[in-house]
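For reference, the chains in residue letters:
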Amino acid sequence: MARFRPSFCFRARPPFIRVRRKSNETSSPSACSGYRAEVRRDALTMLTFTEMLESERFGAARAEIGVIEGLATHFTSEDMAARITWRKWGAGPAVVLLHGAYGSWLHWLRNIAPLASANSVWVPDLPGFGDSILRDPANRTLDGVGVSLARGFREIAGGEGEISIAGFSFGTRIAADMASELGARVRDLVLVGPHAFAERVEPQMKPRSWRAIRDLDEMISAQKHNLAAIMFASPAAIDDAAIYIQMKNTFFAAIAVRAPAHAQFWNALRTRRGSIAAIWGEEDVYHKGVLPRRIDELRGRCPSARASIIARAGHWAMYEQANSFNSILRDFVSGTA
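Please read all numbers here as calculations on a predicted model, not as lab measurements.

1. Here's the deal with the nonpolar core
Line of reasoning, step 1. In terms of nonpolar packing, the biggest core is built from 59 residues, with Leu97, Trp105, Trp108 and Trp316 touching the most fellow members.
Line of reasoning, step 2. Looking at this core, the element that brings in the most residues is helix α7 (residues 216-231), giving 9 residues.
Line of reasoning, step 3. Ignoring any residue separated from it by four or fewer positions in sequence, one finds Trp105 in contact with Ile65, Ile68, Glu69, Arg87, Trp89, His99, Ile112, Val123 and Asp125.
Line of reasoning, step 4. Grouped together as the second largest cluster of nonpolar side chains are 47 residues, Ile174, Leu189, Trp280 and Leu291 included.

Given below as structure tokens:
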């Protein structure tokens, strides 16, 4: 049983100022990554969670993340709705990756390097998550964030050239809005585990509450249970990096998101002139047993849409079956699928 007594080395984030940086600085892998958490939780609780994340157990996970993070160039875009942190890898045709609810750029940890071998890969933290800030925390559906992302991308990446956008889970809605704002510039829109369908499927396993846990072993057990309940097809595939990412992402999420109306998502898709593709894990708990009907509904609304199902994968398909996912996504964004 590993318990932690916080050492009082708390690092507060400086007051909010406008910053636009372009560097190869490696962000600290500690959990002190956003002042939102400092506002939401007392310092003692935050320090306890920070020390859990900095334990020896997660040394290999931090090292893996640090290698990818160290290769990134960082940018910041800002408007009245949000301050958004972007990371960029590679060079070539642009691919934007948008993470899911209670996530961060780390949802795409196992996909960035393979994509960056032939593309410039842009991964923002959505406002309210990771290192990005949402001005209005009451905006739980993130209305307008797709527009903020589109404008920010134009500012930091320039206004020319075709791009591809992939969104995961809740991020598919933001991706559709961003694609709508950028119009014909978006050649490919890829929806990974999209939710906005008439038939609702609830996970059979219920997540465990973890916020009162102060013991590392208990925390790992709870987070592993939650990953098995929601994100993975096989509990054997849940490694320490996945647990670390889940812990960091969920603890430092600043808002409890709420899904917007389905009509908003479908309306954005109906205006698309470029390609639309969807990818699901075969064992995704939100779609298990109904994937043929999901594909029928998607193609009923978007007749030219392509679809792919990844075997032995759950909701977080791009992590659990990264090699298969990367091959499919590369084909979609290169126009070979």
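So much for the structure itself; the text now carries on.
2. Considerations on the environment of Trp266
Line of reasoning, step 1. Position of Trp266 relative to the elements: it lies in helix α9 (residues 262-270).
Line of reasoning, step 2. Assessed through its relative accessible area of 3%, Trp266 is described here as buried.
Line of reasoning, step 3. Taking the C-alpha atoms as reference points, Trp266 and Arg301, 35 residues apart in sequence, are found 7.7 Å from one another.
Line of reasoning, step 4. Trp266 has contacts with Ala196, Phe197, Glu297, Leu298 and Arg301, leaving out every residue within four places of it along the chain.
Line of reasoning, step 5. A distance of 2.7 Å separates a polar atom in the side chain of Trp266 from the backbone oxygen of Ala196.

3. Quick word on the pairing of strand β2 (residues 82-89)
Line of reasoning, step 1. When you tally the buried positions in β2, you get 7 out of 8 residues, the bulk of the element.
Line of reasoning, step 2. By the bridge criterion, 6 bridges tie strand β1 (residues 73-78) to β2 in an arrangement that is antiparallel. Bridged to Glu78 within β2 is Arg83.
Line of reasoning, step 3. Taking the residues that link successive antiparallel strands as the turn, the β1-β2 hairpin has 3 residues.
Line of reasoning, step 4. Alignment of β2 against strand β5 (residues 133-134), held across 2 bridges, turns out to be antiparallel. Counterpart to Arg83 in the pairing with β5 is Ile133.
Line of reasoning, step 5. Alignment of β2 against strand β4 (residues 120-124), held across 4 bridges, turns out to be antiparallel. What sits directly across from Trp89, in β4, is Val121.

Rules of the game
Residues numbered from 1 in each chain as written. Predicted model: local features only at pLDDT ≥ 70, side-chain atom pairs only at ≥ 80, totals over all residues. Heavy atoms only, no water. Core = buried A, V, L, I, M, F, W, Y, C linked by side-chain atoms within 4.5 Å. Buried < 20%, exposed > 50% of the residue type's maximum accessible area, 1.4 Å probe, protein only. Helix = DSSP H or I, 4+ residues; strand = E, 2+ residues; numbered from the N terminus. Contact = heavy atoms within 4.5 Å. Polar contact = N/O pair within 3.5 Å; in protein donor to acceptor, adjacent residues only side chain to side chain. Pairing = 2+ DSSP bridges.

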